[in-house]
Amino acid sequence: MSTQIVMDHTGDRRHQFDPQNARELADAEKRFKELTGLGFTAAERTSTGQTMKVTSFDPTAQETVFFPRLVGG
Amino acid sequence: MDFLLRTWRGSPDPLRFRAVSDLYRIVRKSNSPEARGRRLLRRWLSEGQLAQFDARNFFDVIGCHTAKRYRIYYANVANVEELDKVGRPIVRYCFIPKGDLVPGDVMLAQKIALETDELAALAVANRFAPQPQRSI
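The rules behind the values
Residues numbered from 1 in each chain as written. Chains lettered and ligands numbered in written order. Predicted model: local features only at pLDDT ≥ 70, side-chain atom pairs only at ≥ 80, totals over all residues. Helix = DSSP H or I, 4+ residues; strand = E, 2+ residues; numbered from the N terminus. Buried ≥ 20, exposed ≤ 12 C-beta atoms within 10 Å, placed from the backbone. Contact = placed C-beta atoms within 7 Å. Pairing = 2+ DSSP bridges. pLDDT = per-residue confidence, 0-100. Axes fitted to C-alpha atoms, helices over the stretch in contact; angles between N-to-C directions. Parallel < 35°, antiparallel > 145°, perpendicular 65-115°, else oblique. Nonpolar A, V, L, I, M, F, W, Y, C, P; charged D, E, K, R; others polar.

### Some thoughts on the overall build of chain B
- The secondary structure content of chain B amounts to 6 helices and 5 strands.
- Ordered by position from the N terminus, the helices and strands of chain B form the series α-α-α-α-β-β-β-β-α-α-β.
- In chain B, buried positions account for 30% of the 136 residues.
- Long-range pairs, those at least 24 residues apart, make up 50% of the contacts in chain B between residues at least 6 apart in sequence.

Here is the structure:
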C-alpha cells in the first residue's frame, strides 16, 4: 500500500491506496492534482533518505507528503 | 470515557481504575495533533538530523541552492536560523505553511522547502535578528 499524507490542523490526514488497483490509483492521482492545484507542495523521500519535491504524480511513490503553500510569518 | 466509568464503578480496586485511567491518558496524548506531527517529522529526518533533534530539539539542514546551513527549532513561528561557517546564527527567518499546523508539521515543511526549493522559501520569509539565547 502507498500513502498520501496531507498536513492539517489535526496533524495530518492519510489516504492509502493500492498502486495495483486502477481505480484507487486514479483517485490518488486526482487527489494529487487537486492538492497541488490548491498550492500544496508534494514531496517524496528517496531511498537514500533525501527529500525530493515532486510536481507530477508518481505511481511508484510509497509515501508522499503534502503541505500548504508557504507564507511569511 | 463511559468504559472508564463502568470499570471504576464495577471495580472494588481504586488502583485498577487509576491504571486504566493512566492508560487512557497515554493513548489519548500519543494521538494528539502535536504527537502525530512530531512522529511524522521524525520519520522524515535523516539519521543525523534525527540524532540532533532527539538530543537538542532542533536539527540542521543544508540549503539546496546556496549550500548554507540552517537550524530549525521546535516551534511553529520564527524558528529558522541561518548559521555562519562556525555555526553562529546570523539571521532568523519566519516562513510557515498556511493554516494552523502543529510544530512537527511546520518543521517538516521548512526542511523540505530548504532542501528542495531554498530560494523560493526565503523569498516569502520575513527576516529578524537572531535570538541571542539560542546561540551555542
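### Considerations on the overall build of chain A
- Scanning chain A for helices and strands turns up 1 helix and 6 strands.
- Seen along its three principal axes, the alpha-carbon backbone of chain A occupies a region of about 40 × 30 × 25 Å.
- Per-residue burial over chain A gives 23% buried out of 73 residues.
- Relative to all contacts within chain A whose residues are 6 or more apart in sequence, the contacts with residues 24 or more apart total 41%.

### What about the interface of chain A and chain B?
- Residue-level contacts link 22 residues of chain A with 30 residues of chain B.
- By the bridge criterion, 3 bridges tie strand β6 (residues 70-72) of chain A to strand β4 (residues 89-97) of chain B in an arrangement that is antiparallel. Paired with L70 of chain A across the bridge in β4 of chain B is P97 of chain B.

### A word on the confidence of the model for chain B
- The pLDDT averaged across chain B works out to 88; a share of 88% of its residues lies at or above 70.
- Scored as a whole, the predicted complex attains pTM 0.86, and scored at its interfaces, ipTM 0.94.

### Here we look at the environment of L50 of chain B
All names here are of chain B.
- Looking at the element boundaries, L50 is found in helix α4 (residues 47-56).
- A count of 16 C-beta atoms within 10 Å places L50 in the partly exposed class.
- Taking the C-alpha atoms as reference points, L50 and D60, separated by 10 residues in sequence, lie 9.8 Å from one another.
- Contact partners of L50, with chain neighbours within four places excluded, come to R42 and L45.

### Topic: the sheet that holds strand β1 (residues 2-8) of chain A
- With mixed pairing, 5 strands are arranged side by side in an open sheet as β2-β1-β5-β3-β4 (chain A). What marks the edges here is a single partner per strand, and that holds for β2 (11-17) and β4 (51-54) of chain A. The average angle at which neighbouring strand axes cross in this sheet is 25°, direction not considered.
- As paired strands, strand β3 (residues 41-45) of chain A and strand β5 (residues 63-67) of chain A are joined by 4 bridges and run antiparallel to one another. Each residue of the ladder has a partner; that of T41 of chain A, found in β5 of chain A, is F67 of chain A.
- Across the sheet, helix α5 (residues 103-116) of chain B is in contact with β1, β2, β3, β4 and β5 of chain A; its angle to β4 of chain A comes to roughly 80°.

### Looking at the packing of helix α3 (residues 33-44) of chain B against α5 of chain B
All names here are of chain B.
- Relative to each other, α3 and α5 sit at 30°, their axes nearing to 6 Å. Here α5 runs roughly parallel to α3, going by the angle between their axes. Residues E34, G37, R38, L40, L41 and W44 of α3 lie in contact with α5, whose contacting residues are P103, G104, D105, M107 and L108.
- Per-class residue counts for the contact of α3 with α5 are 6 nonpolar, 2 polar and 3 charged.

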